[in-house]
Structures are given as structure tokens and as C-alpha cells.
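Letter by letter, the chains look like this.
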Amino acid sequence: QVRLVESGGGLVQPGGSLRLSCAASGSFLSINTMGWYRQAPGKERELVASITRSGGTNYADSVKGRFTISRDAARLVSLQMNSLKPEDTAVYYCFADNTYGRRYWGQGTPVTVSS
């Protein structure tokens, strides 16, 4: 089992920055890919960014050049979000995929971009 705990969400003005963090506990040595999804009201959950254990990254087109995902250790992943837009408003969910193909989810942290 893997438990994911997120932090760092909140309210920010357009053009501002936020940093989300996610820490895994439990069987974190089995984790390969970690990353973030988001879900805005009335919309489907979408992939924002992901990073493999070897450092390979993937970003949604809508966040390229503004968001940066990083991984400090096997169990820590962060998402630096710059130049935030109102359309980035959503609940952000951390996820982790283990080497057996199982996906774990965090509880979600809300991000609101508004003036």
C-alpha cells in the first residue's frame, strides 16, 4: 500500500505562482511514475504532468512552459506552477503508479486562481 499526502494548494492571483508537493509513504520503493492530475468543476480529470523514477517528464500542452514537475526522491514529487491563469483553477490530485501497474491517489488539494 502507498499513501499520498499533498500540500501547497490555495488562492492566488492570475500571474502568480504556487508549489504543490506530494509525499508518499508505505511501499514507496515500488513506485515508478508519479505526477498530478486536475479536475475543474464540471470537467473530467486530466493529466497535468508526470515524472518517472528515471526523470522522464510529460506535460499537458496547456501547462508547458509554465509548470515544472520535479522529483526529489523516490517518494517526493513537486509541481511548480508559474504564470497561473484562471483556467488552472481545479482540484489537483497527486498519483503514483507502482511497478505492478497499480495506481494510488492523494486526497486532492484545491487551487484557485482569481483576482
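First, a word on scope: everything that follows refers to the structure included in this document. (Residues numbered from 1 in each chain as written. Predicted model: local features only at pLDDT ≥ 70, side-chain atom pairs only at ≥ 80, totals over all residues. Heavy atoms only, no water.)

### Looking at the environment of Val48
1) Next: Tracing the backbone through its elements, the reader meets Val48 in strand β5 (residues 46-51).
2) Next: Among the residues examined, Val48 registers a relative accessible area of 0% and is labelled buried.
3) Next: Residues Val48 and Cys94, 46 residues apart in the sequence, show an inter-C-alpha distance of 9.9 Å.
4) Next: With near-sequence residues (within four places) excluded, Val48 lies in contact with Trp36, Tyr37, Arg38, Asn58, Tyr59, Ala60, Val63, Phe67, Leu79 and Tyr92. (Helix = DSSP H or I, 4+ residues; strand = E, 2+ residues; numbered from the N terminus. Buried < 20%, exposed > 50% of the residue type's maximum accessible area, 1.4 Å probe, protein only. Contact = heavy atoms within 4.5 Å.)

### Details of the sheet that holds strand β8 (residues 76-81)
1) Next: One open sheet holds the 4 strands; their spatial order is β1-β3-β8-β7, and the pairing between them is antiparallel. Two strands in the sheet have a free side with no partner beyond their single neighbour: β1 (2-7) and β7 (67-73). In this sheet, adjacent strand axes meet at a mean angle of 20° when their direction is disregarded.
2) Next: One ladder, built from 6 bridges, connects β1 with strand β3 (residues 18-26); its direction is antiparallel. What sits directly across from Ser7, in β3, is Ser21. (Pairing = 2+ DSSP bridges. Axes fitted to C-alpha atoms, helices over the stretch in contact; angles between N-to-C directions.)

### Here we look at the side chain of Thr33
1) Next: Mapped onto the elements, Thr33 comes out in strand β4 (residues 31-39).
2) Next: With relative accessibility at 15%, the residue Thr33 sits in the buried group.
3) Next: Aside from chain neighbours lying at most four places away, what touches Thr33 is Ser50, Ile51, Thr52, Arg71, Phe95, Ala96 and Asp97.

### Brief notes about the state of the cysteines
1) Next: The full count for this structure, using the stated rule, is 1 disulfide.
2) Next: One disulfide bridge connects Cys22 with Cys94, the sulfur atoms lying 2.0 Å from each other. Taking the torsion about the S-S bond as the criterion, the Cys22 to Cys94 disulfide, at about -80°, is left-handed. Taken together, the residues Cys22 in strand β3 and Cys94 in strand β9 (residues 90-98) connect sequence positions 72 residues apart.
3) Next: Residue classification places Cys22 among the buried positions, given a relative accessible area of 1%. (Disulfide = S-S within 2.5 Å.)

### A look at the packing of aromatic side chains
1) Next: Within this structure, the stated rule accounts for 3 aromatic pairs.
2) Next: For the ring pair Tyr37 and Phe95, a centre distance of 5.3 Å and an interplane angle of 75° mean the geometry is edge-to-face. On the criterion of sequence distance, the pair formed by Tyr37 in strand β4 and Phe95 in strand β9 is long-range, its members being 58 residues apart. Phe95 matches Tyr37 in its accessibility class, with the two residues each being buried.
3) Next: Ring geometry for Tyr37 versus Trp105: centroids 5.2 Å apart, planes at 70°, classification edge-to-face. Of this pair, Tyr37 sits in strand β4 while Trp105 sits in strand β10 (residues 103-105), and the two are 68 residues apart along the sequence.
4) Next: One aromatic cluster is present, formed by Tyr37, Phe95 and Trp105 through successive ring pairs. (Phe/Tyr/Trp six-rings, centres within 6.5 Å; stacked < 30°, edge-to-face > 60°.)

Any functional reading would require information that these geometric values do not contain.
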